[in-house]
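This is what each chain is made of:
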Amino acid sequence: MIRLTEAECIELKRIKDMLHTNPELSLNEYNTTEIIKRKLTELGIELIPFGLPTGVVGRVKGKNSSVCIALRSDIDALSHTERADVSPISGVPGIMHGCGHDFHTTCLLGAAILLSKEQPPCDVLLVFQHAEEIMEGARQLVAKGLFDYPIVRMYGMHNRPEIDTGLVVIHKGPLMAAKDNFEIVIKGIGGHSSMPHKCEDVIVAAAGVISAINTIVSRNIDPYEAAVVSLCSIHGGTPENLPIDTVKLTGSIRSYDEQVRNTILTRIKLIVESVAKGYGCTGEFTVIESGPAVINSEAMYARARNAAALAMGEEAITDCRPCMASEDFAIYSQYTETFFYWLGVGSEENRFPWHNDRFHTDDTALKYGAELLYASVLV
């Protein structure tokens, strides 16, 4: 396989720095979109219009156009203020690339450079996906007809600071969890704190709901299964002598197994409605955002391992335990065979996790990411 030149690696670092200093939130990745379009056009790669204001899909024509392989990166940033002690850092107050999507975008542009140098065995779609952080981008592309193209395989990649630079995780089976974000609304009757008997106290009801929900994983889920239920916020309250009539809670569920997921959803709904009723209140449970688990199949595992060996060498291949974070790349697996890599970008001095305000990537790994994605087309 062909490799990136030193000059091309320098160019990729320049692009990555430009993206990093100009981060954009989900559905607002306008400048990022234009940077990607300019580079793909410069490489002579066709841009496929999907009628979306942000995000880019390019097509590299291959020897066989009856099938295609898709390579995907995400492009959006986070609502955080960056405090990393390395340069450059975000130039936009309150927004940073705290999950490394600028790194992923640059790696896919590197793969585009390599693919533009010779005709690949089949058509290749380069999917620069918007709005991953809010779990909308993949669904929007699917709805706009991404899979009208004959995609037989799709590869994605995410940096992993817990893994040393120069290594790549090739994992079979569940890798990242399904996610269900939810909202709970409890309604009662407010009043005066001196007359609690005239109130239906939603604060007390919410406390009962919270306590009960926190028993689900320990009492309703097989200990050998992985699951997390987190209540992340509670909204409600007035000055100390005025009980209120509404409380809202938000939280998330993480799981790998569909039966486990359904058990948790069923139990939360029952608890919210029944416990609230026991306190004279009403409770409503609503799932507001969902995404499936990232699961690497055995067939795709073999292909990905071959690609990693070709791009980085057998000695670079490693494995580790999955994590309970989520990725909307999993949505694509409902339509085609998929594989998701974790690429090492860390060292002993750099282990800040995703979404930390000091998170940063070791950009010497850009070359590895680009050549890994390129090799995925060849195997």
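Residues numbered from 1 in each chain as written. Predicted model: local features only at pLDDT ≥ 70, side-chain atom pairs only at ≥ 80, totals over all residues. Heavy atoms only, no water.

**Student:** Mind showing me how you'd approach the overall build of the protein here?
**Tutor:** Counting its regular elements, the protein contains nine helices and 14 strands. Along the first, second and third principal axes, the C-alpha set of the protein runs to 80 × 45 × 40 Å. Partitioning the intrachain contacts of the protein with sequence separation of at least 6 by distance along the chain shows that 81% fall at a separation of at least 24. Looking at the protein as shown, the accessible area adds up to about 16,100 Å², and 52% of this sits on carbon and sulfur atoms. (Helix = DSSP H or I, 4+ residues; strand = E, 2+ residues; numbered from the N terminus. Contact = heavy atoms within 4.5 Å. Areas by Shrake-Rupley, 256 points an atom, 1.4 Å probe, with all protein chains shown as cover.)

**Student:** Honestly, the sheet that holds strand E13 (residues 317-318) in this entry has me stumped. Any pointers?
**Tutor:** Backbone-to-backbone hydrogen bonds pair the strands of a sheet. The strands run either parallel or antiparallel. Spatially, the eight strands line up as an open sheet ordered E1-E2-E4-E3-E5-E14-E6-E13, and their pairing is mixed. Unpaired on one side and paired on the other, strand E1 (46-47) and E13 mark the two borders of the sheet. Examined bridge by bridge, strand E5 (residues 151-164) and strand E14 (residues 337-346) share nine bridges and lie parallel to one another. Bridge pairing in E14 links Met 154 to Thr 338. Sheet strands touched by helix H3 (residues 101-115): strand E2 (56-60), strand E3 (64-74), strand E4 (122-129), E5 and E14. Its angle to E3, the strand with the most contacts, is close to 150°. Its contacts with the sheet place helix H8 (residues 298-312) against E5, strand E6 (168-169), E13 and E14, and it is angled at close to 40° to E14. (Pairing = 2+ DSSP bridges. Axes fitted to C-alpha atoms, helices over the stretch in contact; angles between N-to-C directions.)

**Student:** Got a minute to help me understand the pairing of E3 in this structure?
**Tutor:** Successive residues of a regular strand alternate their side chains across the two faces of the sheet. Here E3 runs beside E4; their pairing, made up of eight bridges, is parallel. Bridge pairing links Ala 70 to Leu 125 in E4. Considered for its hand, the β-α-β crossover made up of E3, H3 and E4 is right-handed. Taken together, the five bridges between E3 and E5 define a ladder with parallel strand orientation. Bridge assignment links Cys 68 to a residue of E5, and that residue is Ile 151. (Right-handed = clockwise from strand over helix to strand, strands pointing away.)

**Student:** Would you explain the state of the cysteines in this entry?
**Tutor:** Disulfides are covalent bonds that connect the sulfur atoms of two cysteines. For the coordinates displayed, the defined rule picks out zero disulfides. Take Cys 199: it sits in no disulfide, and the sulfur closest to it among the cysteines is that of Cys 281, at 9.9 Å. Looking at Cys 199, the relative accessible area reads 9%, which means it is buried. Free cysteine: Cys 320, not disulfide-bonded; nearest cysteine sulfur from Cys 323 at 8.1 Å. Judged by relative accessible area, Cys 320 falls into the partly exposed class, the value being 24%. (Disulfide = S-S within 2.5 Å. Buried < 20%, exposed > 50% of the residue type's maximum accessible area, 1.4 Å probe, protein only.)

**Student:** Could you clarify how one ought to interpret the packing of aromatic side chains in this entry?
**Tutor:** Describing an aromatic ring pair means giving the distance of the ring centres and the angle of the ring planes. Inspection of the entire model under this criterion finds nine aromatic pairs. Relative to Tyr 335, the ring of Phe 147 lies with its centre 5.1 Å away and its plane at 20°, an arrangement referred to as stacked. Here Phe 147 is found in the loop between helix H4 (137-143) and E5, whereas its partner Tyr 335 is found in the loop between E13 and E14, with 188 residues between them in sequence. Exposure remark for Tyr 335: the relative accessible area of 45% places this residue in the partly exposed category. Ring centres of Phe 329 and Phe 340 lie 5.0 Å apart, and the angle between their planes is 35°; on these two criteria the pair is classed as tilted. Separated by 11 residues along the polypeptide, Phe 329 in the loop between E13 and E14 and Phe 340 in strand E14 bring together distant segments of the chain. With respect to burial, Phe 329 and Phe 340 carry one shared label: buried. In textbook terms, an aromatic cluster arises when at least three aromatic residues are bridged by ring pairs, as seen for Phe 147, Phe 329, Tyr 332, Tyr 335 and Phe 340. Here the guanidinium or amino end of Arg 160 rests over the ring plane of Trp 342, the centre of that ring lying 4.2 Å away. (Phe/Tyr/Trp six-rings, centres within 6.5 Å; stacked < 30°, edge-to-face > 60°. Lys NZ or Arg CZ within 6 Å of the ring centre and 35° of its normal.)

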